[in-house]
Amino acid sequence: MSETGLRRLVPPLATAALLLALWEMLSRAGAINVRLLPAPSTVWVTLARSVDVLLEQALPTFWGALAGMLLAALLGIALGMAVSLSRTLMQAIYPTVVFFQLIPKVALAPVFLIWFGTGWTANVIFSVFIAFFPVLVATITGLGAAPAHYESLCRSLTMSRLKIFLKVRLPFALPYIFSGLRIGVTFAVIGVVLGEFITAQAGLGYIILFSANNFETSLLLAAILLLCGVGIALFGFFLALEAIVLRLYDSR
Amino acid sequence: MALAAETTPEVGPTAGMGFERLRTAVLPVAFAAALLALWEAIAVLGGYPKVILPAPSDVLAALLGDFGEICRQAVPTLRDTLTGFALATVLGIALAGLMTFSRLLKQAIYPLIIVIQLVPKIAWTPLFIVWAGIGTPARLAIATFIAFFPIFIAMVAGLESTDGSLVRLCRSLTATPWRIFWQVRLPASLPYLFAGLKIAITLAVIGVIVAEFISSSEGLGFMILKSAALLRTDLILAAIVVLCVVGLACYGAIDLGERAVRRWRGE
Amino acid sequence: MIGAGDYVVVDRLAKTFNPGTRQQVEAVATTSFSVKAGEFVSLLGPSGCGKSTLLMMIAGLDAPSQGAINVAGRTMQSPRAETGVMFQDPTLLPWKTAIDNVLFPFEAMGRPARPQAERAAALLDQVGLAGFHHHKPRQLSGGMRQRVAICRTLVFEPDLLLMDEPFSALDAMTRDDMNLVLMRMWEEHHRTAIFVTHSIREAVYLSDRVLVMSQRPGRIIADVAIPFARPRGLEIGETPEFNAICSHLRGKIQQMAH
């Protein structure tokens, strides 16, 4: 198993190495405008030199996205459960929820700016707003995913509605909920970074904007690299959460 | 869309059916209307300044009053979003198609594309502005870049989903790989493609708006930001209404296309 | 089209999957047999005995580990345009109508399909699907889909028919119907045919010869000639001669179980 896994890694790694080498050579040869696209070596040097600043600015972005995501998850799942308890409520609310899911919510960022000003808290609130809807939609969809005959079986066994909810509908919903959480994480990061773009005070978004305005392209690329790391860290956090919850539910 | 598991309606069969349909149509509309009414009430009765919470009536007034300006600003946004989206579709399908012909190519490139996906794509926006310049070039570049990934990934999944026995049948009929691609893999991948197109158009709009927020002198995003600076929240919401209508229209068009494809596939 | 002599020659064929690894499986052990032009031969054997693998090799869809296959005087290396293959799954294109599915082989081979439309329509009528030409697969039952598949296999007039348990997924009554349909279609042109099945009665009813395959690794352990005259109606299945041959074959198969 591990030998095929390793073999799978070789082509992409080799291609990536090849592309990096090509990029470096073209930069050195002067074929690429190094103000627009600095050589990998330059980016690396900038990264090493500015790593403390970058990490310092990565923290508000990371914590902001995490806080935003956790709040969005709590609100989304809670509301999703509440709505799913009654079919009437579901029919009434779901289309509106889908509507909010489809509209470009990022366009509302300036409104949030007016309401909550600048600052880390404002970013988190906006991030919650954006990440909340995918979680809500996923929860509602998931809670409706249990096939009808399971509920018929439970009702024939005279189980209470709450028990049916906990023992049948919730387990069936979990894969959907986690899928929604994964999408939500992406949006939470987008929300925080966008907030940092607009308010331009701190965070990796601020660094990216600042370096763009000053044509410090290698700093920009270094910041993007770090942002990638933040995204991976958050993603990993939620994957671990998913593993824990699934194990808890399985052992029951 | 409705819950799968549920009780049967209380009324008799035929009456129940009509009642059901009415419920499904009326309830969401009633709910949305109630929300709007609540908003209007809070805004008017609560005495909030128009900057913080304009009433729906205020937004409507702004929409009607500045309708020409809003539409004028909508043109560059929409034009560049759709052009970028179209480009991304062509590139996404072409590259995904290439992957089916060479497994080595797929093994080498596909993981790299997945990894690039990990970076939140709007973070690339300032970089694209540096590279392409403010205005249409940046909008176009960002829309294409953002829309490409969901389309590409969906197409690859769709092309791979082709029934193995269909491919085997074609091989037994000595069909060339190119013909297998055109006549079997491509039609089989259409449902996946449309799912990817829906995601792509939503993301493309987001990307263009963010680009306009960061630096632009035209477009709906620019207009929203300018209105924010002028504390005209009603105008912001009016512009957003137009943006939503346009965005939903594009999404709806793709959805119609998806339904037509499903009908053609005999599903 | 019909000549004397051997049409398909299988010479010391063997197939091992994943050779040299822990998942190595010898599917077909050294096997030789030949089929004369115009003969209908069944490959009969228990599940997993390698008969499908053998057929896939004759179709050119799989490469042998050892030995060679000769069809119409030429060694098989890749699929042949003149061979028609039928699979257990009808494998119809879900977005095409029945008649377009029948015409599909021409598209696949890059030949114009329009001139063949009449022949396709005639074939569909022959199998009892008149009036269903423009239905899509999801509107047809399993048996009807297999009939479309038969037409698709015959429309380009192959000189060799290879059929891999095409009726195994159907219920018993439909299966009998399909056997009859296949027989009527086959008797028109007496194309050389190799038919894989695990149903003894089906093999005896359809074939001129039945080749019995052993369990994995499969090899031919019996070659029984079927003496019934053609055309054959379904009622010969009730005759004592028919049942005697079936018992004989059953005995051969049970012998292997030791």
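Residues numbered from 1 in each chain as written. Chains lettered and ligands numbered in written order. Predicted model: local features only at pLDDT ≥ 70, side-chain atom pairs only at ≥ 80, totals over all residues.

Okay, the overall build of chain A next. A tally of helices and strands in chain A yields 9 helices and 0 strands. Listing each helix as α and each strand as β along chain A from the N terminus yields α-α-α-α-α-α-α-α-α. Taken over C-alpha atoms, the radius of gyration comes to 23 Å for chain A, far larger than the 18 Å a tight globule of 252 residues would show. Expressed as lengths along the three principal axes of its C-alpha atoms, the size of chain A is roughly 75 × 55 × 30 Å. In chain A, which comprises 252 residues, the share counted as buried stands at 40%. Restricting to contacts in chain A with at least 6 residues of sequence separation, those with at least 24 account for 77%. (Helix = DSSP H or I, 4+ residues; strand = E, 2+ residues; numbered from the N terminus. Rg over C-alpha atoms; globule rule 2.2 N^0.38 Å. Buried ≥ 20, exposed ≤ 12 C-beta atoms within 10 Å, placed from the backbone. Contact = placed C-beta atoms within 7 Å.)

On to the overall build of chain C, then. When helices and strands are counted, chain C shows 7 helices and 10 strands. Taken over the C-alpha trace, chain C has a radius of gyration of 18 Å; the compact-globule value for 258 residues is 18 Å, and the two agree within 12%. In chain C, once contacts between residues fewer than 6 apart in sequence are set aside, the share between residues at least 24 apart is 71%.

Attention now goes to helix α3 (residues 87-102) of chain A. All names here are of chain A. Taking 1.5 Å of rise per residue, the 16 residues of α3 would be expected to cover 22 Å, and the 22 Å separating its terminal C-alpha atoms lies within 8% of that figure. By the largest-angle criterion, Ile 93 marks the main kink of α3, which is about 35 degrees, and a proline, Pro 95, follows within four residues. Considered for burial, the residues of α3 that qualify are Met 90, Gln 91, Ala 92, Ile 93 and Tyr 94. (Expected span 1.5 Å × (residues − 1). Bend = angle between axes of the 7 residues up to and from the residue.)

Within the largest apolar cluster, 124 residues are counted, with the highest numbers of intra-cluster contacts made by Ala 188 and Ala 223 of chain A together with Ala 147, Met 155, Ala 204 and Ala 239 of chain B. Among the elements that make up this core, the one with the highest residue count is helix α6 (residues 136-160) of chain B (17 residues). When residues no more than four places from it in sequence are discounted, the contact partners of Met 155 of chain B are Gly 92, Ile 93, Ala 96, Ser 189, Tyr 192, Leu 193 and Gly 196 of chain B. Phe 40, Ala 59, Phe 87 and Val 204 of chain C belong to the second largest nonpolar core, which has 75 residues in total. (Core = buried A, V, L, I, M, F, W, Y, C linked by C-beta atoms within 7 Å.)

What follows covers the domain arrangement of chain A. Each domain of chain A was delimited in the assignment, giving domain 1 (1-32) and domain 2 (39-251). Relative to domain 2 of chain A, the C-alpha centre of domain 1 of chain A lies at a distance of 32 Å. (Domains from an automatic or database assignment.)

A few words now on the interface of chain B and chain C. In this assembly, 16 residues from chain B lie in contact with 19 residues from chain C. Put simply, the parts of the chain that give the side of chain B that touches chain C at least two residues each are α7 (164-172) and α8 (177-214) of chain B. The element contributing the most residues to the side of chain B that touches chain C is α7 of chain B, with 7 residues. Taken together, the residues of the side of chain B that touches chain C break down into 7 nonpolar, 5 polar and 4 charged. (Nonpolar A, V, L, I, M, F, W, Y, C, P; charged D, E, K, R; others polar.)

Residues and elements named next belong to chain C. According to the domain assignment, chain C consists of domain 1 (1-82 + 160-258) and domain 2 (89-157). Taking only C-alpha atoms, the centre of domain 1 and the centre of domain 2 are 25 Å apart. Counting residues at the interface gives 12 residues for domain 1, matched by 10 residues for domain 2. For the side of domain 1 that touches domain 2, the element with the highest residue contribution is helix α5 (residues 172-189), accounting for 6 residues.

Many structure descriptions define interface size as the accessible area lost when the parts assemble. Each partner contributes residues to the interface: chain B has 52 residues there, and chain A has 51 residues. Classifying every residue of the side of chain B that touches chain A by side-chain character gives 44 nonpolar, 6 polar and 2 charged.

All right, on to unusual backbone geometry then. Residue Pro 217 of chain C is bonded to the preceding Arg 216 of chain C through a cis peptide linkage, with omega at 0 degrees. Among the secondary structure elements, Pro 217 of chain C is positioned in the loop between β9 (209-213) and β10 (220-225). Put simply, Arg 230 of chain C and Pro 231 of chain C share a cis peptide bond, and its omega is 0 degrees. One non-glycine residue, Phe 215 of chain A, adopts positive backbone phi at about 55 degrees. Mapped onto the fold, Phe 215 of chain A is located in the loop between α8 (204-213) and α9 (217-251).

Another aspect to go through is the sheet that holds strand β2 (residues 25-36) of chain C. Residues and elements named next belong to chain C. In space, the 4 strands of this open sheet follow the order β2-β1-β4-β5, with antiparallel pairing throughout. The open sheet is flanked by β2 and β5 (74-75), the only strands paired with a single partner. By the bridge criterion, 2 bridges tie strand β4 (residues 66-71) to β5 in an arrangement that is antiparallel. What sits directly across from Val 71, in β5, is Arg 74. Across the face of the sheet, helix α1 (residues 51-59) comes into contact with β1 (6-17), β2 and β4 while running at roughly 120 degrees to β1. (Pairing = 2+ DSSP bridges. Axes fitted to C-alpha atoms, helices over the stretch in contact; angles between N-to-C directions.)

Residues and elements named next belong to chain B. Between α8 and helix α10 (residues 233-264), the shortest axis-to-axis distance is 10 Å and the interhelical angle comes to 180 degrees. Considering the angle they form, α8 stands roughly antiparallel to α10. Contact residues: Leu 190, Pro 191, Phe 194, Leu 197, Lys 198, Ile 201, Thr 202 and Val 205 in α8; Gly 247, Cys 250, Tyr 251, Ile 254, Gly 257, Glu 258, Val 261 and Arg 262 in α10. Its residues assigned to classes, the contact of α8 with α10 comprises 10 nonpolar, 3 polar and 3 charged. (Parallel < 35°, antiparallel > 145°, perpendicular 65-115°, else oblique.)

Residue and element names in this part refer to chain C. Within the open sheet, the 6 strands sit side by side as β6-β7-β8-β3-β9-β10. Their pairing is mixed. Each edge of the open sheet is held by one strand with a lone partner, namely β6 (83-86) and β10. For this sheet the average axis-to-axis angle between neighbouring strands, irrespective of direction, equals 15 degrees. The pairing of β6 with strand β7 (residues 160-164) spans 4 bridges and is parallel. Residue Met 86 lies in a different strand from β7, and its bridge partner there is Met 163. Relative to β10, helix α7 (residues 240-256) is tilted by about 175 degrees, and along the sheet it contacts β3 (40-44), β9 and β10.

Attention now moves to the pairing of β4 of chain C. All names here are of chain C. Relative to β4, β1 runs antiparallel, the two being bridged by 5 bridges. Opposite Asp 11, over in β4, you have Ala 68 as the bridge partner. Counting the residues between successive antiparallel strands, the hairpin from β4 to β5 contains 2 residues, one of them, Ala 72, with a positive phi of roughly 50 degrees.

It is worth spelling out the environment of Leu 234 of chain A at this point. Looking at the secondary structure, you find Leu 234 of chain A in helix α9. Among the residues examined, Leu 234 of chain A registers 19 C-beta atoms within 10 Å and is labelled partly exposed.

Looking across the 2 pairs of chains in contact, one finds the most contacts between chains A and B. Of all C-alpha pairs spanning chain A and chain C, none lies closer than 13 Å, and the two are not in contact.

A few words on the packing of helix α3 (residues 67-101) of chain B against α8 of chain B. Residue and element names in this part refer to chain B. Close contact between α3 and α8 brings their axes to 8 Å; oriented N to C, the two are set at 145 degrees. Judged by the twist between their axes, the crossing of α3 over α8 is right-handed. Seen from α3, the contacting residues are Thr 77, Asp 80, Thr 81, Gly 84, Phe 85, Ala 88, Thr 89, Gly 97, Thr 100 and Phe 101; seen from α8, they are Pro 177, Phe 181, Arg 185, Leu 197, Ala 200, Ile 201, Ala 204, Val 205, Val 208 and Glu 212. (Left-handed = near helix turned anticlockwise from the far one by under 90°.)

A few words on the confidence of the model for chain A. Per-residue confidence for chain A averages 87 on the pLDDT scale, and 97% of its residues sit at or above 70. Helix α5 (residues 120-143) of chain A holds the highest mean pLDDT among the elements of chain A, 93, whereas helix α6 (residues 148-156) of chain A holds the lowest, 79. (pLDDT = per-residue confidence, 0-100.)

Another point: the environment of Ser 217 of chain B. All names here are of chain B. If you trace the backbone, Ser 217 turns up in the loop between α8 and α9 (220-229). Look at Ser 217 and you get exposed, because 10 C-beta atoms sit within 10 Å. Leaving out residues up to four positions away in the same chain, Ser 217 has contacts with Gly 135 and Phe 222.

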